[in-house]
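Per-entry structural report
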Amino acid sequence: MNTARANGNNIKQAFEVSGKVTGDNGEALVGVTVSEKGTTNGVATDVNGNFKLNVSSGNAVLVVKYIGYVTKEVPVNSTAVVNIKLTADSKALNEVVVVAYGSQRKADITGAVTTIKAADVKDQPVTQFTQSIQGRTPGVLVNQTTGVPGQGISIRIRGAASIGASAQPLYVVDGVPLVSGINNLNPAEIESFTVLKDASSTALYGSRAANGVIIITTKSGKPGQSNLSFDAFYGIQSVPQKGRPDMMNAEEFAQYEQDVFKENDRIDRSKGGAGIAMPAEYQNPSQYAGKGTNWYNVLLRNAPIQSYNLSLTSGTEKLRTAATIGVLNQDGVLIASNYKRYSARVNSDYKFNDKLSIGLNVAPTYEKLANGNTDGNIFGGGILQNAIASSPISPYINPDGSLPLTSQSPGLFGNPNWYRVATEAKNNTQKGRLLSNAYANLEIIKGLTFRSSINIDYVNEQNQQWNPSTTGGLFAPPPITANASSTSNIYYSWLAENTLNYKHSIGDHNFDVLVGYTAQKYRQDYNRTSGFGFPNDAISSLSAATQFNPPVFDIQEWSLASFVSRLNYNYKNRYLLSASFRRDGSSRFAPNAKYGNFPAISAGWNISEEKFMSDVSFISNLKLRAGYGLNGNFNIGNYGYIPRTQITNYTFDGSLTPGTSISNIGNKDLTWEKSRQLDLGLDFSALNGRIFFTYDYFHKITTAMLYNVGVPLASGFSSISANVGKFQFHGHEFSINSQNLVGSLKWSTNFNISFVRSKILDLGPYSRNLPRDPNSANIQMIGQPLSVFYGYKFIGVYKDQQDFDNSAKYLGADSKSDVGTVKYADINGDGVIDLKDQTVIGNPNPDFTYGMTNSLSYKNFDFSTTISGAYGGDLQNRTLEYIQNLDGVFNVTKDVANRWKSPTDPGDGVHPRIVVGTALARYTNSRWVSDASYLTVKNVTLGYTVPMNTNNRYIKSVRLYTSAQQLFVFTKYSGANPEVSGNEGGSTPLDIGIDNTSYPVPRTISFGVNVNLK
């Protein structure tokens, strides 16, 4: 062994040091990292806790790290043998977690609460923080339902909870419950997310907490610490080939249309007609070989995304400040779409003395979104679906570079050139937002603190739309009458809160009491002006219109006044009790139903704190939890209990006289939607925190949901808003976090899986199901899960006359069964296919959802991957209603070529014959429903931290990384996105699991840098 030591002139020489690392009780610790401070030189202890390390000199300092123990620095002092004893770290359990109206030690929490630190997800090139928590939290389903830049994330906590009200959770940012979206929040501003899932943890948010609560804490300065950081990434987004619609090319389409015209000619002649001439375009399909337009490819592109953030945190004993400014620029993968966000945030806290502190948080953002009507079905004007159903023999651009007006071909419905619609029609939104809160904390006496805060959420949103004469839509090919509109939507909310918090201990009895009063006011001013009759397409300003439509003005207001209280108690940190109560008064309800009470209680038992557990050394923590409470949902709209009036014109003596009339029936008994929830949980950690396991069981009953109940038409109205129904949700949630390797090679895993079930127990006056359009996708039916698919069961086609004669038939006014047409199951066995044969054909609710994150690091390298998925949920691909329509009015998928042609050529038994008026084949049926189980590799990141000289006075660290987002999607679903979920990003529970051709979710490959300055 080299025992050379530094001489008096401090000349450095290599020095070998060895020793043993033990725990509190003298047990050897395996895999402890022992490294030389300021270098990457280090080793891990062996199975006996021993280590041996060559350091630069006898003056070196050893840094000793081990999961579950306090990190220790030990000077070598030229000692060859250094034995080290580590102390168990209770930090994990003493970690403070932000909860409703305050914070708690993690060890004292009795509800279902999950916390994610922003630092754990900081390397993902995302535009919204919700994208980064996909697959990381049990019981929280995060779906990216569309790829529209800056939009498209749907979150559901423990299942949907309402028929008609929103199913999205409540977002609370630094104590401010938001009344508008969360999309504009810059992820770089966030310190942590806390997800409150059960009623006992959310009850203090009362009437807004039925769908769960996500508390977002933004960055703040820390005393004695200063840091300036710069983060940036640049990426390229692209749409994978998998999931793109497999449409007929020009040659295949021309052959298909030739067959359509031949069949229509045959039918016309059989009826004594003169026949139908074959258009020249379809007489020689081979002329289009290798030619034509792939409309999906025409509208897509590879698009850049870039983000830049500069953050400063600084703190003294008096003043703490955190500031972040950010710029995001995301071009969409659909041409002419773009999203820009400019954000800033300054959080400041000033401590006058030991009694008084004040704070001010200010966060302005400005967004610009350019995106047309991309999503949705053909008749809703969705650009993508309309384009892929257009003629592939029509060019989007002429050889001379000019653009055709239309994409029409003989026999097809009239269509514009969808390339021109995407590039020339304008739908531009500008949105400014100010989120701010000011507060003061005053300690009146020891343990008693008064807090007063005022919070503001202000949004000014302006939308400008312009449709020149060269655009148009289905059935309305150009030239059209140019039109424009201008919409202003301004809304603001202020919230005042005053609370008293008293913390006191009497021996081993610890009390934490909260009481408070809050008041909130919201107002929205909406107006829209539209006009037409422009002199030409060069002038798009609305002021140039010569004719105007009646303007639309609307004002919405509501207010909420609340009393909140909570008692947290623990005895010796062993026996835990929490009780809370909130009383809300809302202007949305009639005087006799204005107030709602929302109590909750929960308890916990820290078994690991018992004396009989002292000898069980491998268990670090063991806790049982139980909670029960009541939440509400007041997102039911305004003025529902009041009979409202509308403008109506009357005629007196031959003259038109303006007046008003009643537009709806008021319901003074309209009340809160309520959710009662039981939660039973277990927290377990072992091996000094290297393994942490959590289990929760929940059972939730939601009642009094808002629905428009039908009334006799003799009343003059068709429906009245009322509280009906009873839903049940229950489920199991499992999560496990493990530190698999803790030496020089570190490896940690986070895995979670959730099972959620729903069941409709009651629907008020409806004995079986809620009324619905016979061709709608979903149904709410007693005894079934929420929003199951309902329609005809597809069993093939009538392959020949014998099959037709021996099978049930459809004899509707719009179409009739015939040989070669679709064949549905005769559910009731009466020999006739009609509405009585519709049945449940699918369930959009998955059997379970899951996610897993693996993180590895070795020396200066780090690597992480995140996957998320769902198993068992169905999707209904409504796009097939149009792109497999055999009327000959749209382009169709390639497999339609294998349709029924004759009894001797029956095709694949799936696609029926060509026949005009194929209405029956377009009714909701099981052929459109398929398993949408998926596994998505959400993120893969590889990083490298550049070694820095410890004497560098300016740079603390530099990290380079590359990342892939939405890298792979493994699914049997034929559509582009198995996470798609109907309209409004899946926020409406009645409309889930429906694919109407949404904006594709891109794969993003990016490169980034993190720089921390001293």
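- The name recorded for the protein in an unreviewed UniProt entry is TonB-linked SusC/RagA family outer membrane protein, from Mucilaginibacter phyllosphaerae.
- You can read under Subcellular location (unreviewed entry) in the UniProt record for the protein the words "Cell outer membrane".
- Check the Sequence similarities (unreviewed entry) section of the UniProt entry for the protein; it says "Belongs to the TonB-dependent receptor family."

1. Considerations on the sheet that holds strand S4 (residues 50–55)
- Pairing is mixed in the open sheet, where three strands are placed in the order S4-S1-S7. In this open sheet, the two edge strands, each paired with only one partner strand, are S4 and strand S7 (84–85).
- The pairing of strand S1 (residues 15–22) with S4 spans six bridges and is classified as antiparallel. For serine 18, the partnering residue across the bridge sits in S4 and is lysine 52.

2. Here we look at unusual backbone geometry
- Cis geometry is adopted by the peptide bond preceding proline 479, which originates at proline 478 and carries an omega value of 5°.
- For proline 479, the location among the structural elements is in the loop between strand S23 (448–467) and strand S24 (483–506).
- With a phi angle near 70°, phenylalanine 475 is a residue other than glycine that sits in the positive phi range.
- Residue position: phenylalanine 475 is located in the loop between S23 and S24.
- With a relative accessible area of 48%, phenylalanine 475 lands in the partly exposed category.
- Residues other than glycine seldom take positive phi values, yet lysine 859 does so here, at roughly 55°.

3. Structural notes on the environment of proline 551
- Within the element layout of this structure, proline 551 appears in the loop between strand S26 (547–548) and strand S27 (552–571).
- With a relative accessible area of 46%, proline 551 lands in the partly exposed category.
- Between the C-alpha atoms of proline 551 and isoleucine 163, which are 388 residues apart in sequence, the distance is 32 Å.

4. Comments concerning the pattern of salt bridges
- Inspection of the entire model under this criterion finds 32 salt bridges.
- Ionic pairing is found between lysine 37 and glutamate 73, a salt bridge with its closest N-O pair at 3.2 Å. Separated by 36 residues along the polypeptide, lysine 37 in the loop between strand S2 (33–36) and strand S3 (42–44) and glutamate 73 in strand S6 (residues 72–75) bring together distant segments of the chain.
- With a closest N to O distance of 3.9 Å, lysine 355 and glutamate 443 form a salt bridge. Taken together, the residues span a long stretch of sequence, with lysine 355 in the loop between strand S20 (338–351) and strand S21 (356–370) and glutamate 443 in strand S22 (residues 426–445) at a distance of 88 residues.
- A single salt-bridge network, built from bridges that share partners, covers Arg158, Lys197, Lys623, Arg625, Asp679, Asp683, Asp696 and Glu733.

5. Observations regarding the packing of aromatic side chains
- Throughout the structure, instances matching the rule amount to 35 aromatic pairs.
- Here phenylalanine 848 and tyrosine 850 contribute two aromatic rings whose centre-to-centre distance is 6.1 Å and whose plane-to-plane angle is 45°, an arrangement assigned as tilted.
- Clustering of aromatic rings is evident, with ring pairs tying together Tyr695, Phe734, Phe755, Phe848, Tyr850 and Tyr871.
- One cation-aromatic arrangement involves lysine 809 over phenylalanine 804; the distance from NZ or CZ to the ring centre is 5.0 Å.

6. Some remarks on the sheet that holds strand S10 (residues 113–117)
- Strand order in this open sheet of five strands is S10-S15-S16-S13-S14, and the pairing throughout is mixed. Edge positions in the open sheet fall to S10 and strand S14 (176–177), since each of these has one partner strand only.
- Looking at chain direction, S10 and strand S15 (residues 190–196) are connected through five bridges and run antiparallel. Within S15, the residue paired with isoleucine 116 across the bridge is phenylalanine 193.

7. Examining the nonpolar core
- Ranked by internal contacts, the top residues of the largest apolar core, which has 29 residues, are Leu299, Leu334, Ile378, Trp418, Ile883 and Phe890.
- At the level of elements, helix H5 (295–299), helix H6 (383–388), helix H7 (418–424) and helix H9 (880–883) are the ones that each hand at least two residues to this core.
- Those residues in contact with tryptophan 418 that sit more than four places away from it in its chain are Trp295, Leu299, Ile383, Asn386, Ala387, Ser390, Ser407, Gly473 and Leu474.

Calculation notes
- Residues numbered from 1 in each chain as written.
- Predicted model: local features only at pLDDT ≥ 70, side-chain atom pairs only at ≥ 80, totals over all residues.
- Heavy atoms only, no water.
- UniProt positions renumbered as here; feature names shortened; annotations may be inferred.
- Pairing = 2+ DSSP bridges.
- Helix = DSSP H or I, 4+ residues; strand = E, 2+ residues; numbered from the N terminus.
- Buried < 20%, exposed > 50% of the residue type's maximum accessible area, 1.4 Å probe, protein only.
- Salt bridge = Lys/Arg side-chain N within 4 Å of Asp/Glu carboxyl O.
- Phe/Tyr/Trp six-rings, centres within 6.5 Å; stacked < 30°, edge-to-face > 60°.
- Lys NZ or Arg CZ within 6 Å of the ring centre and 35° of its normal.
- Core = buried A, V, L, I, M, F, W, Y, C linked by side-chain atoms within 4.5 Å.
- Contact = heavy atoms within 4.5 Å.

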